[in-house]
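# Results of the structural survey
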Amino acid sequence: MVTNATSFSRSGLSDWLLQRLTALILAAYTLFLVGYLALHPDLDYAAWARLFAGLPMKLFTLAAAVSLAIHAWIGLWTVLTDYVTERLLGPVATPLRLALEIAMILVNLGFAVWAIDILWGV
Amino acid sequence: MLKVSIYRYNPDRDDAPYMQDYEVDTGGKDLMVLDVLEMLKAQDPTLAYRRSCREGVCGSDGMNISGKNGLACITPLSQCVRDNQLVLRPLPGLPVIRDLVVDMSQFYAQYKRVKPWLMNDEPPPPIERLQTPEERAKLDGLYECILCACCSTACPSWWWNPDKFVGPAGLLQAYRFLADSRDTHTEERLAGLEDPFSVFRCRGIMNCVDVCPKNLNPTAAIGKIRQLLLKSGT
């Protein structure tokens, strides 16, 4: 068993499942938005605001924003633990990786909170 | 004359590795790469490589042959010579001891980690533990591995984390014992593999399947391990 403190769920199985589940939500949301934009070529602010006024769309968008944060956390954590390692960079790697991981986590959380603020603040 | 370019490094003498060029007369025959190495060894006795059975059974002469890992003894020149040139390098990602000889300690450490032996707490029957033909058939495609390390050293995930990711060879053997009807330690084996590195660092790029000289499929075995983890962990 390899231990780790900064992965999203600390479990390989949970991370793997969540990455797939969040990918499905993101795919559905992307398809929906692309389809909506394709069907509304003369889109104006009023129609756009109406789309996001209903609770189902707010919840769908929230699910997509949270999914993006989780998906990016798991994916970027994997990239950082692959390439920012002592094996490749020497002793500087551990503090550097930790700093990058914390920055990545804060940015992800920040974007998720910002999305909530936009959805319910406008 | 066939041009052969070989990775040379003798840590006692050389500051850095270099490529040395040789020419060999193959007489137009489609020799195996190992035959060419033997001819070169006669020309230059300082050339170092591992070999033993010369028929793809022992797994000693795994090396990077014109960019693809394989066994020198069963790789014909027709499969790997381009523009009349053969390029031989040691297996990637492992420390080089000398020329084409690599230090396999890390590879064996990961093999050892999956406890590649049968564990059964029940008292042994008088003669042997029996399997049905169907149960035995589940081990086909798993037990044939010769531990040549061609797969694990072709895997980027293993290059980056050889101490944490078990790698395709180790995981194929992990599944070989998970799939064995006589083994009773399935849960314990799975618990040791559930973290984000041991199994899940596999990104499914299938380099292992592409290079395996025995045509085995570690990616499929890794998929089966994930299914078992899913079954026991959800």
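Only a predicted model underlies this, so the values are computations on that prediction, with no experimental measurement involved. (Residues numbered from 1 in each chain as written. Chains lettered and ligands numbered in written order. Predicted model: local features only at pLDDT ≥ 70, side-chain atom pairs only at ≥ 80, totals over all residues. Heavy atoms only, no water.)

## Topic: the overall build of chain B
Condition: Secondary structure follows DSSP: runs of H or I at least 4 residues long count as helices, runs of E at least 2 residues long count as strands, and numbering of each begins at the N terminus. Under the scheme applied here, a residue whose accessible area is under 20% of the maximum for its type counts as buried, over 50% as exposed, and between as partly exposed, the area being computed with a 1.4 Å probe on protein chains only. Contacts are residue-level and defined by heavy atoms, with any inter-residue pair within 4.5 Å sufficient. Areas reported here follow the Shrake-Rupley algorithm with a probe of radius 1.4 Å; residue values treat only the protein chains shown as occluding. Counting rule applied: Lys, Arg positive; Asp, Glu negative; His and chain ends not counted. We put the charge of a Lys on NZ, of an Arg on CZ, of an Asp on CG and of a Glu on CD.
Counting its secondary structure elements, chain B contains nine helices and seven strands. For chain B, the C-alpha atoms occupy an extent of roughly 60 × 35 × 30 Å along the three principal directions. Out of the 234 residues belonging to chain B, those deemed buried represent 48%. Excluding contacts between residues fewer than 6 apart, the proportion of contacts in chain B whose partners are at least 24 apart in sequence is 64%. Here chain B has roughly 11400 Å² of accessible surface; of this, 51% comes from carbon and sulfur atoms. If the 28 positive side-chain charges of chain B are averaged to one point and the 30 negative ones to another, these points end up 2 Å apart.

## A short note on the pattern of salt bridges
The condition is simple: Basic side-chain nitrogens of Lys or Arg form a salt bridge, by our definition, when they fall within 4 Å of a carboxyl oxygen of Asp or Glu.
Here the structure, examined in full by the defined rule, presents 14 salt bridges over all chains. Among the salt bridges present, the one from Arg87 of chain A reaches Asp163 of chain B, with a minimum N-O distance of 3.9 Å. With Arg87 of chain A in helix H4 (residues 86-89) and Asp163 of chain B in the loop between helix H5 (156-160) and helix H6 (167-178), the pair connects residues from two separate chains. Close ionic contact of Arg189 of chain B with Asp183 of chain B constitutes a salt bridge, the shortest N to O distance being 2.8 Å. The exposure class assigned to Arg189 of chain B is buried, which follows from its relative accessible area of 8%. Using a relative accessible area of 7% as the deciding quantity, one classes Asp183 of chain B as buried. Three or more residues are tied together by salt bridges with common partners; here these are Arg8, Asp44 and Asp99 of chain B.

## A few points about the environment of Arg182 of chain B
Residues and elements named next belong to chain B. Within the element layout of this structure, Arg182 appears in the loop between H6 and helix H7 (186-191). Using a relative accessible area of 22% as the deciding quantity, one classes Arg182 as partly exposed. Along the chain, Arg182 and Leu229 lie 47 residues apart, while their C-alpha atoms are 19 Å from each other. Here Arg182 is in contact with Leu118, Met119, Asn120, Arg129, Leu130, Gln131, Leu139 and Arg176, once residues within four sequence places are set aside.

## Some words on the interface of chain B and chain A
Rules: Using a 1.4 Å probe, buried area is obtained as the accessible area two parts lose upon being combined, added over both of them. When residue character is reported, Ala, Val, Leu, Ile, Met, Phe, Trp, Tyr, Cys and Pro are called nonpolar, Asp, Glu, Lys and Arg charged, and the others, Gly included, polar.
The partner chain A presents 19 residues to the 22 residues of chain B that form the contact. Between chain B and chain A the total buried area reaches about 1800 Å² when both faces are included, carbon and sulfur atoms providing 63% of it. In this structure, the connection of chain B to chain A is made through two salt bridges. For the side of chain B that touches chain A, the secondary structure elements donating two or more residues are H5 and helix H9 (218-233) of chain B. The greatest single-element share of the side of chain B that touches chain A, amounting to four residues, is contributed by H9 of chain B. Class assignment of the residues belonging to the side of chain B that touches chain A gives a composition of nine nonpolar, five polar and eight charged.

## Concerning the side chain of Glu101 of chain A
Residues and elements named next belong to chain A. To be explicit about the condition: Counting of polar contacts relies on pairs of N or O atoms within 3.5 Å, with two restrictions inside protein: one atom must be capable of donating a hydrogen and the other of accepting it, and residues adjacent in sequence are counted only when both atoms are side-chain atoms.
With respect to the helices and strands, Glu101 occurs in helix H5 (residues 93-121). In terms of polar contacts, Glu101 uses its side chain to reach the side chain of Trp77, at 3.5 Å. Discounting chain neighbours no more than four positions away, the residues touching Glu101 are Thr6, Trp77, Leu80 and Thr81.

## Considering the confidence of the model for chain B
Worth spelling out the cut-off: pLDDT expresses, on a scale from 0 to 100, how confident the predictor is about each individual residue.
Counting all residues, the mean pLDDT for chain B is 97, and 100% of those residues have values of 70 or more. Here the prediction assigns the complex a pTM of 0.92, and the interface score ipTM is 0.86.

## What about the nonpolar core?
Test applied: In this text, buried Ala, Val, Leu, Ile, Met, Phe, Trp, Tyr and Cys residues form a nonpolar core when linked through side-chain atoms within 4.5 Å.
Val4, Ile6, Val36, Leu37, Leu86, Leu88 and Ile225 of chain B are the most contacted members of the largest nonpolar core, which has 66 residues in total. Sequence-distant contacts of Val4 of chain B, defined by excluding residues within four places in its chain, comprise Gln20, Asp21, Tyr22, Val24, Val36, Leu40, Leu86 and Leu88 of chain B. Counting residues in each nonpolar core, the second largest holds nine residues, with Leu26, Phe52, Ala64 and Leu119 of chain A among its members.

## Some details on the sheet that holds strand E1 (residues 2-8) of chain B
Residue and element names in this part refer to chain B. Our working rule: Whether two strands pair depends on DSSP finding at least two bridges between them. Structural elements are reduced to axes, namely lines fitted to C-alpha atoms, with helices fitted over the stretch in contact, and the angle between N-to-C directions of any two is expressed from 0 to 180 degrees.
The strand order across the open sheet built from five strands is E2-E1-E5-E3-E4, with neighbouring strands paired in mixed fashion. Only two strands of the sheet have a single partner each, and these edge strands are strand E2 (18-24) and strand E4 (68-71). Within the sheet, the average angular offset between the axes of one strand and its neighbour, ignoring direction, is 30 degrees. Along the sheet, helix H1 (residues 33-43) makes contact with E1, E2, strand E3 (62-65) and strand E5 (85-89), crossing E2 at roughly 95 degrees.

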